[in-house]
Amino acid sequence: MSTPHADGPLYLGFDLSTQQLKAIIVDSQLKTVAQAKADFDDDFGKKYGIHKGVHVRPASGEVIAPVAMWLEALDLVLSRLSATATASVMGRIRAVSGAGQQHGSVFWNSRAAECLRGLDPKRGGLVDQLPAALAHDVSPNWQDQSTQAECDAFDAALGGRQRLAERFTGTQIMRLRRILPEMYKKTAHISLVSSWLASVLLGALAPLDVSDVCGMNLWDMNEQRYSKELLALAAGGDGKPADDLRAKLGEPLPDGGASLGSISPYFVARYGFNTKCEIIPFTGDNPATILALPLRPLDAIVSLGTSTTFLMNTPNYRPDGSYHFFNHPTTAGHYMFMLCYKNGGLAREKVRDNLKLQSDNGDAQQPRPSAQVDHNREWDAFNQAVLETPPLDMSKTGDRAKMGLYFPLRETVPNIRPGTWRFTCMPDGSDLQPVSEPWATATDPRIITESQALSMRLRSKNLVHSPRDGLPAQPRRIYLVGGGSHNPAIARVLGDVLGGADGIYKLDVGGSACALGGAYKALWALEREPNQTFDDLIAARWKEEGAVERIGDSYRPETYAKYGDVLGAFEAMEQHLLAEEKRD
């Protein structure tokens, strides 16, 4: 942590995720001053009976979180933050922004505005006052799987023109309106998790964010307004029902850096905030991630966690059913492109564990010793196998290229059932053939890592262009975050497949990327010059030392071209499996 200038301005960012609420304070030079967090299971697990931040109802597929728990968490985090920071630090916070888990919703009743406006620390904490403002005491979580009937209804009404996700807010609203009609009737306002947290801090109902609204399946990206057709479907009819739903949602704010007003007096009295501290629109957690560094067009972030996520800042809007576009949270006319794979770290771990099992049993195909191994010993054999296997396992002229899909879970990109499939083709991508017998166990680590990267390259190819003269289209820089970012073998393959003309980098912001993005967003809102973009302001103050480490040179022309030659075959492999599943 830094020692900030004694009277300089400070900025606070929040991240309300599924399992934690984090808060981080930065100064004008982007230095971290103080931070705190609440872990829902550790701090509230016994009281609320949650596991990993949520309640799961297997019979219905519902995954929900108690809103009261979030209220308690906000008071707890601010208590911890103010205990860590001095009173003068809290009083110097000029603006607050942050992130909320995407797609979740909170249903307010007609007393919401009154209860928010009347918050008083003398009457207890937030949990003592704001539950009275709720029409529904739980929030559907992004992991929810209870809305298949609503998704089918959307698909039928739209003739398959709209690919919907169960977790998205529009279908959640449609289901709750159907199963809880009295609750829906009492609902005066619907917030996303991001705008809900902003509302509590503001002491008034905050509008939806221009980026987060895109994750509802209710927003028309082309027209930049709510879709009348989708509103009518979710609301149960055109005309008044659709108009009522639109009124409950309110119009999103187009300027991600606008001030919503000053912080609620409750937080001034209880935690020492300045009365002039401003609340800036909160956004979704994925959009906030790309605000944690000056991500320029053609830069990409690959998050290598339990799931794998590919994010890119782009001025091009080219929709497709296999990925998502969001309005950029700060830059008008730009978009955030997002791919999200369920089978990320989980799939790699299963291959790793199978390799270890074979090695323990004396498999003759176990990898040879290598000096290039990860510091984490459980990944040593996996990394050795990746680095010692040539691209596509083609070691000599005439070898066929190997490709595969490894899905322990049903995948969404593409929507294929669980299973493992192996194919080969000629080096130019011709003569694609399924493989009936598994190949050597030590080959799988390279192939699974390549397959995940090939899917990203396939789906982002129309959004990238040449970063400079003489180079084929590819990302400029690739930043890796998450547990897999520590693995040099994975980094090497991502660079081989995706390119990255200026290198592969590991981004380490202490696990607080979303909260940090929120703090930077608050800073930009107050310190920007006229027409100064978020990325320009942050880039001018960004110090890579300590936050970014170059871990790969990435683009290698011959290797990059090899993967380009089989990209069509990789797509054909996916289409073959999709058609096969449809026949079954």
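Residues numbered from 1 in each chain as written. Predicted model: local features only at pLDDT ≥ 70, side-chain atom pairs only at ≥ 80, totals over all residues. Heavy atoms only, no water.

Quick look at unusual backbone geometry now. Phi is positive for H103, close to 85°, though the residue is something other than glycine. Considering the arrangement of structural elements, one finds H103 in the loop between β6 (93-100) and β7 (105-108). A residue is classified by how much of its surface remains accessible, and H103, at 5% relative accessible area, is buried. (Helix = DSSP H or I, 4+ residues; strand = E, 2+ residues; numbered from the N terminus. Buried < 20%, exposed > 50% of the residue type's maximum accessible area, 1.4 Å probe, protein only.)

Attention shifts here to the packing of helix α18 (residues 513-527) against helix α19 (residues 534-541). Running from N to C, α18 and α19 cross one another at 105°; their axes reach a closest spacing of 10 Å. Of the possible angle classes, the one that applies to α18 and α19 is roughly perpendicular. Along its contact with α18, which presents Y520, K521, L523, W524 and E527, the element α19 presents F534, L537, I538 and R541. Across the contact of α18 with α19, the residue classes tally to 6 nonpolar, no polar and 3 charged. (Axes fitted to C-alpha atoms, helices over the stretch in contact; angles between N-to-C directions. Parallel < 35°, antiparallel > 145°, perpendicular 65-115°, else oblique. Contact = heavy atoms within 4.5 Å. Nonpolar A, V, L, I, M, F, W, Y, C, P; charged D, E, K, R; others polar.)

Here the focus is the packing of helix α7 (residues 169-179) against helix α10 (residues 228-235). At their nearest, the axes of α7 and α10 sit 8 Å apart, and the two run at 30° to each other. Taken together, α7 and α10 sit at an angle that is classed as roughly parallel. Along its contact with α7, which presents G170, M174 and R177, the element α10 presents L233, A234 and A235. Counted by class, the contact of α7 with α10 contains 4 nonpolar, 1 polar and 1 charged residues.

Attention now moves to the domain arrangement of the chain. With domains assigned, the chain is organised as domain 1 (10-291 + 510-541) and domain 2 (345-359 + 375-509 + 547-582). The C-alpha-based centres of domain 1 and domain 2 are spaced at 35 Å. Across the domain 1/domain 2 interface, buried area totals approximately 380 Å², and carbon plus sulfur atoms make up 50% of it. Our count for the domain 1 to domain 2 interface comes out at 0 residue pairs in polar contact (both at pLDDT 80 or more). Across the side of domain 1 that touches domain 2, the residue classes tally to 2 nonpolar, 3 polar and 1 charged. (Domains from an automatic or database assignment. Buried area = accessible area lost by both parts, 1.4 Å probe. Polar contact = N/O pair within 3.5 Å; in protein donor to acceptor, adjacent residues only side chain to side chain.)

As a further point, take the packing of aromatic side chains. Following the criterion strictly, the structure yields 15 aromatic pairs and no others. Between F310 and F337 the ring centres are 6.0 Å apart and the planes differ by 80°, which places this aromatic pair in the edge-to-face class. Within this pair, whereas F310 is found in strand β16 (residues 308-314), its partner F337 is found in strand β18 (residues 335-341), the two being separated by 27 residues in sequence. Judged by relative accessible area, F337 falls into the buried class, the value being 0%. Pairwise contacts between aromatic rings join F310, Y317, F325, Y335 and F337 into one cluster. Across from the ring centre of W379, 4.7 Å away, lies the NZ or CZ of R352, which sits over that ring. Against the face of Y505 rests R477, its NZ or CZ located 4.1 Å from the ring centre. (Phe/Tyr/Trp six-rings, centres within 6.5 Å; stacked < 30°, edge-to-face > 60°. Lys NZ or Arg CZ within 6 Å of the ring centre and 35° of its normal.)

Turning our eyes to something else, we now look at the confidence of the model for the chain. On average, residues of the chain carry a pLDDT of 90, and 94% of them reach 70 or more. Across residues 363-375, confidence stays below pLDDT 50; counting only partners more than four residues off in sequence or on other chains, it has 29 contacts. (pLDDT = per-residue confidence, 0-100.)

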